[in-house]
Every structure is written in structure tokens, then in C-alpha cells.
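# Observations on the three-dimensional arrangement
Here's the letter readout for the chains.
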Amino acid sequence: MTLSLEDLQARRVDRNQPLLEVDDLVMHYRIKAGEVSAVDNLSFTIHQGEAVGLVGESGCGKTSAALSLLRLLPANAEYLSGQVRLNGEDLLQLSEEAMRKRRWKEIAMVFQGAMNSWNPVYRVGDQIREVLDTHFRGQMDIEEQTAHIERLFAAVGLPREMVDRFPHEFSGGMRQRAVIAMALACSPGLIIADEPTTALDVIVQDQILRELKRIQTEMGMSILYISHDIAVIAEVTDSLGVMYAGKLVEYGPTAEVFARPRHPYAYLLLRSTPSITGPRRQLAPLAGEPPDLLNPPSGCRFHPRCPFATEQCSVEEPPLAEISGGHRVACWNYEDVPELEAELVR
Amino acid sequence: MFRFLGRRLLQMGFLFIIFLTIVWFLLQLMPGDITDTLIGDPSIPLSTRLELGERLGLNQPLYLQYWTYITNFFKGEMGVSFSRYPQDVSTILWEAIPRTLVLVLTATLLAYWMGFKSGKLIAWGRGGKTEQGFIVGGIFLQTVFYPWFAIVMLWTFGFFFGWFPIGRFIDVGLWQGSGLDATSVFVQLVFSSFIAVMVYAGARWFIKRTAGRLITQQRLERVAAAIVLIGLVAYWYFNPARTYVADIVWHTVLPVLTLGLVTFGAVMLITRTSMLETLGEDYILTARAKGLPKQAIRDRHAARNALLPVVTSFILAMGTVIGGAIITEQIFSWPGMGLLFLQGIIVSDIPLVTGALAITGVLTLFAHLVVDVVYTFLDPRIRIS
Amino acid sequence: MATKETTHRSDTDPSHEDDGAVVFDELVRGGDVRSEPLWRIRLRLFRRSFAKNWGLYRESKMGIVGLVIIAFFGVMAVAHPILLSTVWDPVVYDPVSGYDAVVNEFTIVEDGAVVDELSEIELTQARFDLNPMVSVGDVVRIPVQPAPPSFEGENVHVLGTDPQGRDIFSQLLYGARAAFLLGFVAAFTTVFIATTVGSVAAYYGGRIDGFLMRTADLILLMPLLPLLIVMSAVVQINMVMLGIMIGVLLGFGGDAIVLKSQALSIKVKAYIDAARVAGGGDRHIIFRHIVPNVVPLSLLYMMFGVTTAIALEATLSFLGLLNIQMSWGIMINKASTEGYLLSGTSYWWLLFPAGLAVSFLAFGFFVVGRGMDEVINPRLRAR
């Protein structure tokens, strides 16, 4: 069997079919001092061919969430409840061996600081060959593998000669592209890209994002973007989720969430960058710091910093409820948020 | 590559000359010379002693003696031994070198091999009582008072259990009248073992090229090891000198084991530390995400990178190993260079001691070179392009 | 509006590198600049970081064990002179010149006619071992040395006596004194040399650096034991000299190289430039700024240096090459030269206490070093 990118382009994509369903995922880290609640009641769905974004401050749990999907968490992490269904199958119930077989083949991941994803003592091409050997044992001979790897390199814009080079011979941006090439190697249904453009200069950033977008639409792949850079996410995603202190506080179509954020935190986050075009708006600062997840605040985790907080907010956790087509918010007072908008725009 | 080697050899030569110079001048400060050994015998007149001194050039000014020594050294002549007059130093040392080399190399290679394996496995495991035990054991082996440890080993396994001979190189009574020379038999033994190791290494290289999966590779490697081992044993079994060879091997086990154990402890600890650091690297997480089998992650990715600092550590460890070899030879009466060195010091046999130190210097520098080359092969980041 | 904390004290950095900012912060807090003497502030900061590091150190079980071991031997070392001047009679218990032995009387009998081995001895043997002039019927007095541990009699010998009738326990305690003396000298010398060389090399760079590092490489090349053996043949080495020699060799060797890297990382920090702009001379910068930040790391290597020093001294003493009167190594050396080495369990008190003492003390210092290592390198901590 020969894999080719052309085959993949013919992949039938049904945008209404869910690919990955995260259902009420709860996970914490066990440390000496107690338990750190890293992900709490996380629920969202990635459909086939969809690009989903997850934004939030550092430490809000987005990377932990990503790692939980692939069960790559460190030893002191514990899953408490929830399901992660890939094409209907709950990944959390699988044996380690079964999960291993699905890694990279069904879901691939591009890590933060992907430049360091490469083992310095082996050639880049050989490290890509590794995944082919692991997941397509006996189905490809060496020449076919080489041809495939060269095609992958071409797809991400890397010269063919670099396949047999060592990682230290690549520049940072090239290494990033190579990681994407490796992620595509088994043509997975979903790629998780955690901060794919941090530590790269703006021009390279732009190129990488374009590449990813192109690959995604051409090959009908789903992508989960994780970033703290809202500008980046807004450009390339179809749906957007905002996380805070381990919880998903707002979720919906990107355009909608961006234009009309209804969760106070999401609002302040998305309005924290000035825009050159658009109405002149006063910048809304966000006071305080993210909470300590060892002892998270009662009720809504954002209430200590929220300008709209009421009595209820400190007692009861708001559920992630739908307010309009596909747009969900977890806030008791979401209707008050548009006032802020009016106030700030002069 | 060759330019690199050439440059390094030149560097080494330079360093060696400095080393030899320092050693030579230092040893000249040792009291006594050959005429002292003759003082005890009153029948030898003073004139004879003076004449001997003159003949050996001991009356000449120091810098001239130094120059003579250096020039002679590179011709392979290291002077005449004071305590074993008139044997010359090169002959004496030539016989002793292989014995010390076998002791040190076998012990070190075994220690590094087993030490790396254990350290790797311990670091990979999730901790717990076994890891703690190994760590304490390793530290114990590294800090135990070596002479005492060697004595205890000798007494326990040689005297108490009687499994091994109590020191020495051969059982002299056994060899008398056999017409065989212990050194030549020994050299034969070493040579055949070396061939066996080369064959095995070649087999492993071949297997790596051809076989596919990691597990098949390992199985084939084990088969190859078994074949080579059986072949070696069979070769000597059918050899008429086999009892004598067995005698030598029997005497070698305990000293090698003792020296090896102590080195093993240190290597295991260093490997564990290195593995732990490597396991925190990003590419290990990537390897896990790629869905690679656990063994591949542990061996191909983690251990392979953890190996680098361990190899470097060997350079520093060499000094300790040399010291350990001296003590081992002393306690086990193993007739190698270390024993000659000690004996030479006690009787102020300056040429012998100088020669022993010089040879040690040569071997040390050579080992440095080997380690450097090996490291270059292991780490593509510093490869000379 | 005071800022909360101008720097973020990370857990991975137990050095004092952020002290400058915190000091400034402390001075400004409260609205006015307080005139507190700098040394007082330094002391407070030192105590705080010490407390934090101690807390971290405590987590490592082995580090605590190491400290206990060292304390144990420390007590031994201190107890010795006290015991000698109070409870013990120096004539009997002095580790070098004491003497005590039970004297057994043996009657000489004909060869082959021994009835009671505990009181009779054969003629030939007596003539050979004791005195060629004796004859049958004479009574000879043979002291029992070395004697096994005895708790009765007028003199208690907890660990028995050595082949020359000296009390082993006293020797053991004295050995602790000797070991600590050696350890301190070697440690101090190592730290001093390594810190100075490393800091100077890092600060001046260029030729000085090159020269110092080349020398360090050369020293690394030399195997320690053979070198010391040769030195012992050239000069008579006593404890203090040995300590200094070991300190110089270890300090100048590997340690200096490591410390130089550490010093380099300090040198490029901003406050060094600030100090220079403020008019600080070379020596001032080296000793006031670089050295204090390099010392913690050198303390770590000092621990391993002490381990090496103790082992080296014991080895050299065992080989009989040192000019010292009593140490643990000498104890084993005595056992060896008098032929008791392979006696195993019959004369265990000659071999085991001394050997175990060296091993344990070395173990103790090594483990303390590892404990300190875990504080400095958090990656090694318990997972």
C-alpha cells in the first residue's frame, strides 16, 4: 500500500460528522501539597474537516487538555471522569497498547517549541521513517517510504535534500515545518497544534499558518489550534473556545465569538488588543491573577476578578449553556456584557 | 577525519612530552640510585660503585641525563632497572603490560556495559524500593574503602568459599615442567578473545543492517553471542594447553570482578542521572506521541542520548580506575604494571617507576583519543564536516 | 504604587542572583528609604534562602542520613581527647603509644607432650618463637596481642587491641579526628583554589583563561593516586600536607573548570556591568560579586572532594607511604604488615572497624554532596 497525499485529498469530509467528542472531561495533577485541578468539565466537539481553536492565558489548562486527549500526561496526572470519543470510540477506556496504535495515526500532535521535538542524534528523515515503520509495518518498503517522506517535505515547502540531514542543520522555522511534515506522515484525521508559531518570527509565523490552513482544507483534516495568541487563532479557525482556570467558559463559531463575546473573561481577553481598523475603543485591563488551581475559587472560577460578579457567582458554577446557534457561554450575567462594549467605544 | 586525527595525535604527543618531562624531573627527586643497592654488600668496593654510576651516566649533569632519556624513550629504550639489574625496563614492562591491560579493560568494559544497562533500567522504572536499593548499593560501591573491599572480596571468595585462588597470576606448581611460558599462553588467550569480540561486533553490525524489528534484532544478537562464546570455549577446550589456560582464567576472575564492581556502581549512578535528564527532553514526549513502543523510546531515544555524558565521564574516571588497578594488583598479587610501580617506589627504582608512569601516560592519552573519536561518532552535532 | 515583587524568585535558583532587586524592593517598601546596614540585609536574605534550601534538603532521606553519619563521626572525633584526659589512662589507651596486653604464662614441655594448649607450649616452638635459650620446665610469659574485645578485667577494650597492644577503639576515635582534620584542610584548599582559579579565569578571559584551563586539563590528565605515591617517595607527607596537596590537585583540576562556567554565567549578568560603571575595580568585582555566587556550587564539590581525600589518605596509609602515626588507614596497614590480613573472622577487629569507618564516613560525605546536588539541580528530585 502506498500512501499518497493525493489519496488524502480525495478524503470525503462530512462537516456535520463529529470526529472527536470531548465529553465532560475532568483531570487533575497529584502533587505533594494536594491535587491541582487542571481540566474541569471540558466539553466540545471537533467535526471532520473543522479547525477549532482553544485560547487562554498560560496555565489555564489548554496544554493539559491537549495532552489528555492523547493520554500523554505525566505519571502524576489522574483522569477523574469524562469521555474522549474518537469516531465514537472512547479513548480513555482503551488499553495502553491500543491507544499507542492510535497515536499519530489517528491524532498527531505538533508541540510547543517544536524545534526541540527532534532527537539530535538521528536524521530527520529517519525519525519520520520511524512513524511509518511503527504504524504501517510491512506495508511500505524503503523506497516507498523515502518517496512518501520527500512528498511530505515538498508539501511543507522544504527542500528534498534536507531529508537526510540532522536536526541541528535545520533552522528553527525549518524544524517547525519538518514537524508538521512528520505529523502528516500517517495522514491522521486530527492534528493538535500547540502554540505552533511561538518562538518564530512574524514572517515565518505567517507562512506556517498559511501552510497549515492550506493543508487542512486540501486534505480535509481537522485541526485543534491551541494558543494564547488570539490574533493567530482568529484567522485560521472555524470554531473558537476560551478557557480559564481549567474550564471552558465560551465556545462557538469564531466569527461569532470574536464579534460578540459574552463571557466577561472572554470579552476582556479578546478586547485586550487594540485594533488598527474598527472603532476606537478604550483598552479594558484585567486586574488580578489567575487562581491557584490547588484550591480553586468556589462557584465560578472567574468571580474574584469579574466586574459583573454577583452573589450567585461565588456560590454556583454556571453551566456552559447555548445562547444562540452554536454559541455557548458559561456565565450567569452574560447579558450584561454588551454594556461594557458600549461604554468603551466612544 | 584524518586531519582531525593527525591534529589530535600531535596534540597528544605534545602533552605527552610535557607529562614525561614533569614525571622524569619529579622522580629524580626521589632519593637513591642504583649504587645504593650495592652498598649493602661490603665486598663491592667503592670504585666499582662509582664506575657503575658512571657507566649508567648518573654522573652527567641533569639536563643531559634528561635529554638522553627522552631520545632513548622514543627508540623504545627506557633504561636499566635499579632493582632488577641488569634487566632493562622495557623488557620488564613489556611482560607486565598485557596483564594490567586485561585487568583494566575487562573490568572497565564489563562495568560500563552492565552499569549502563542497570542505570538505564532504573531510571526508566517508576521508582520504588528497588530503585532506592540500587542507588544505595551504587553509592556504597563507589565510596567503599577500596583496599578493604578488595581484601574482603579476596578473603570471602578465595579463602572462605575457596572458589577462586588467593591472588597471583598462575599456580606456579601447576606450570612447572609444562614447558609453556605463561606470558605467551596469556597473550594467545587475549588474542583469541579479542578475535571473538570482533566477530561478535561484526555480527551485530550485520544484524542491525538486515533485520527489521527491534525484537528480532535482539534475538539474533543473543544467538550470535551464544555462538561466539561457544566457539571460543570449544577452541580452547580442544587445545592441549587447556588446563593452563583455565588456570589463568581462574586467577583473572576475582581481581576483575572486584575492580569491576566498584566501577559498576559509579557508572550506574551516572547513567541514572543522565537518563533522568534525558527523559525530561521534549523529543521523548514527541516519541511517546508518535506511538512508538516503550522499548524503542527507552533504548533508541532516551538511552542513546543519555549515553553521551556517560562516555565523557569515562575520561574523568580513568584516573580512578588506574589507582584502583594499582591497589587491585597489590592485594591480589597480580603481576602487572601497578605492582611493579609500587615495588619500584619502595626500592627507589627510578627508571622502572619512570617507565611505568610513562607507559601509563601513553595509554591514558590513547584512551582519551579513543573516547573522543567514539564521542564524535555518537554525537552528530560535533562531527567534523 | 509599589510593585508586588520586581523579580520572580524561581524555585530552580537557590543562588542569590536576584538579591539585588529584592534588596531594592525591601528598601523602598513602606514608602521611605530605610537606612539599614547592608550586612544586616544580607544576613536576613542569607538566612531566608538558607531556610528554604534546608527545607528542600530535608526532603532527601539520604541527605539526612549522611548528616547523621557525619555527626556520629564528629562526636567520635570530639570524644577522643575528652576521654583521654578524663576516663582513660593514656599509658593504656593512647592510640599510638598505649600498651596493654594480657600476659599468659606458658610452661615449656617436651615436643609432642602438650596436654593443655592454653598453658603449655612445645620446646621447639618456644625456642623458635621466643628465646633459643629456653629449656623444658621454664615458664615463659607471652602477651596476647592482638587481643579480642574484652569487657572484663581492669581495662576494657571494646574493640580489642592491635598487634602492638594498643586499644583499637581509641585508635578508631583518633582516626576520626585525623580524618576530619584532613577533610577540613582538603576541603578548604579545594574551595579556595577552585573558586579563585575559576573566577579569575572567567573574569579575565583571554590568555589567562587559556593558560589556566590548559593547566587544569594537564592536572586532570594525571592519575591522582600514582602521583601522590610518587610525591610520598620524594617528600615525607603528613596529614596537613596531604590535605593541601589533594586540595590543590582536586581544586585546580576538574572543579576549577566547572566553577569557571558558573562564574561566566555570573559575569554576564547586568549587575556586574553596573558595579563596574559605579567604579568597582577588578579585584572588588571578583571577590565581592562573582565569588559569593560561585561558592555554593564549590561547596557541593567540596563534599565530594572530602570523600576522595579520606579515601586517598587511607589508601596511602595502607600502603605505608605516609608520615603519620595513626589513622584508619594505618590501622589496616598494621594488620597487613603483621600478617593478619587474610585472617578473616578470627581477627576481625583488626580489619573491620577501620575499614568500615573509612567507608561510612566517605559514604556520609558523598551522600550529603548528593543531597546538596538535589537542591541545586531540581531535576534530580524525587519524581
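Keep in mind that what you see is a predicted model, and the values were worked out from it rather than measured.

Backbone geometry at Ala245 of chain A places phi at a positive 50°, although glycine is not the residue there. Within the secondary structure layout, Ala245 of chain A lies in the loop between β9 (239-244) and β10 (247-253). The backbone phi angle of Ser348 of chain B is positive, close to 55°, even though this residue is not glycine. Its place among the elements puts Ser348 of chain B in the loop between α14 (337-346) and α15 (350-378).

For interface size, the figure often reported is the accessible area lost on association. Counting residues at the interface gives 16 residues for chain B, matched by 23 residues for chain A. Residue assignment for the side of chain B that touches chain A shows that the elements contributing at least two residues are α12 (282-289) and α13 (294-331) of chain B. The greatest single-element share of the side of chain B that touches chain A, amounting to six residues, is contributed by α12 of chain B. Here the residues of the side of chain B that touches chain A sort into five nonpolar, four polar and seven charged.

Residue and element names in this part refer to chain A. Taken in spatial order, the eight strands of this open sheet run β6-β7-β8-β3-β9-β10-β12-β11, and their pairing is mixed. Taken across any chain shown, the strands that pair with only one partner, and hence form the sheet edges, are β6 (107-110) and β11 (321-324). Along the sheet, successive strands turn relative to each other by an average axial angle of 20°, direction set aside. Pairing geometry for strand β3 (residues 51-55) and β9, over four bridges, is parallel. Looking at β9, one finds that Val52 is bridged to Ser239.

Further remarks concern the packing of helix α6 (residues 172-184) of chain A against helix α7 (residues 202-219) of chain A. Residue and element names in this part refer to chain A. Contact pair α6 / α7: the axes reach a minimum separation of 10 Å and the direction vectors enclose 15°. The pairing of α6 with α7 is recorded here as roughly parallel in orientation. Between α6 and α7 lies a crossing whose hand is right-handed. Residues Gly173, Gln176, Arg177, Ile180 and Leu184 of α6 pack against Val204, Ile208, Glu211, Leu212 and Ile215 of α7. Among the residues forming the contact of α6 with α7, the class breakdown is six nonpolar, two polar and two charged.

Let us now look at the interface of chain B and chain C. Contacts between the two partners involve 35 residues from chain B and, on the opposite side, 31 residues from chain C. Listing elements by their share of the side of chain B that touches chain C, those giving two or more residues are α1 (2-28), α6 (129-143), α7 (146-160), α11 (242-279), α13, α14 and α15 of chain B. Of all the elements, α7 of chain B adds the most residues to the side of chain B that touches chain C, at seven residues. Classifying every residue of the side of chain B that touches chain C gives 26 nonpolar, eight polar and one charged.

A word on the domain arrangement of chain A. Residues and elements named next belong to chain A. For chain A, the assigned domains are domain 1 (5-237) and domain 2 (260-346). Taking the mean C-alpha position of each, domain 1 and domain 2 sit 30 Å from one another. Taken together, the elements giving at least two residues each to the side of domain 1 that touches domain 2 come down to β2 (34-47) and α8 (230-236). Ranked by the residues each element gives to the side of domain 1 that touches domain 2, the list is headed by β2, at five residues. The class makeup of the residues in the side of domain 1 that touches domain 2 is six nonpolar, four polar and one charged.

What follows covers the pairing of β2 of chain A. All names here are of chain A. Sheet analysis places strand β1 (residues 18-31) next to β2, joined by 10 bridges and oriented antiparallel. Looking at β2, one finds that Leu25 is bridged to Leu42. Linking β1 to β2, which pair antiparallel, is a turn of two residues.

Our focus in this paragraph is the sheet that holds β2 of chain A. Residue and element names in this part refer to chain A. What the four strands build is an open sheet, ordered β2-β1-β4-β5; its pairing is antiparallel. Edge positions in the sheet fall to β2 and β5 (89-90), since each has one partner strand and no second. Sheet topology places strand β4 (residues 77-86) next to β5; two bridges connect them, and they run antiparallel. Paired with Arg85 across the two strands is Asp90, which belongs to β5.

Below, the discussion takes up α7 of chain A. Residue and element names in this part refer to chain A. Here α7 contains 18 residues, and its C-alpha end-to-end distance of 25 Å stays within 8% of the 26 Å for a straight helix at 1.5 Å per residue. Of all the residues in α7, the buried ones are Ile208, Leu212, Ile215 and Met219. The buried residues of α7 occupy an angular sector of 70° when projected down its axis, which confines them to one face. Within α7, the exposed residues directed more than 90 degrees away from the buried face are Val202, Ile203 and Arg214.

Attention now goes to the nonpolar core. Residues Ala181 and Leu224 of chain A together with Ile310 and Val358 of chain C are the most contacted members of the largest nonpolar core, which totals 264 residues. A total of 21 residues in this core trace back to one element, the largest contributor, which is helix α6 (residues 168-204) of chain C. When neighbours within four sequence positions are excluded, Leu224 of chain A is seen to be in contact with Ile46, Val52, Leu54, Ala66, Leu190, Ile192 and Ala193 of chain A.

About the cut-offs
Residue positions are given per chain, counting from 1 as you read along its sequence in written order. As a convention, the first chain written is A and the first ligand written is 1, with the rest following in written order. Selection of residues for local features in this predicted model requires a pLDDT of at least 70, selection of side-chain atom pairs for listing and counting requires 80 or more, and totals for whole chains, interfaces and linings are taken over all residues. Note on conventions: DSSP H or I runs of at least 4 residues are helices, E runs of at least 2 residues are strands, and numbering of each starts at the N terminus. Whether two residues are in contact is decided by their C-beta atoms, placed from the backbone, lying within 7 Å. Under the scheme applied, nonpolar residues are Ala, Val, Leu, Ile, Met, Phe, Trp, Tyr, Cys and Pro; charged residues are Asp, Glu, Lys and Arg; polar residues are all the others, including Gly. Pairing between two strands requires that DSSP report at least two bridges joining them. To define axes, lines are fitted to C-alpha atoms, for helices over the stretch in contact only, and angles between the resulting N-to-C directions are given on a 0 to 180 degree scale. Comment on the angle field: the value is read as roughly parallel under 35 degrees, roughly antiparallel over 145, roughly perpendicular from 65 to 115, and oblique elsewhere. Note on convention: the crossing is left-handed when the near helix lies turned anticlockwise from the far helix by less than a right angle, right-handed when the turn is clockwise. As annotated, the domain borders come from an automatic or database domain assignment. Expected span of a helix, by definition, is 1.5 Å for each gap between consecutive residues, and there is one gap fewer than residues. Each residue is classified by how many other C-beta atoms fall within 10 Å of its C-beta atom, where C-beta atoms are placed from the backbone; a count of 20 or more means buried, 12 or fewer means exposed, and values in between mean partly exposed. An arc is given here, and it is the one of the directions from the helix axis to the C-beta atoms. The nonpolar core is taken to be a set of buried Ala, Val, Leu, Ile, Met, Phe, Trp, Tyr and Cys residues joined by way of C-beta atoms within 7 Å.

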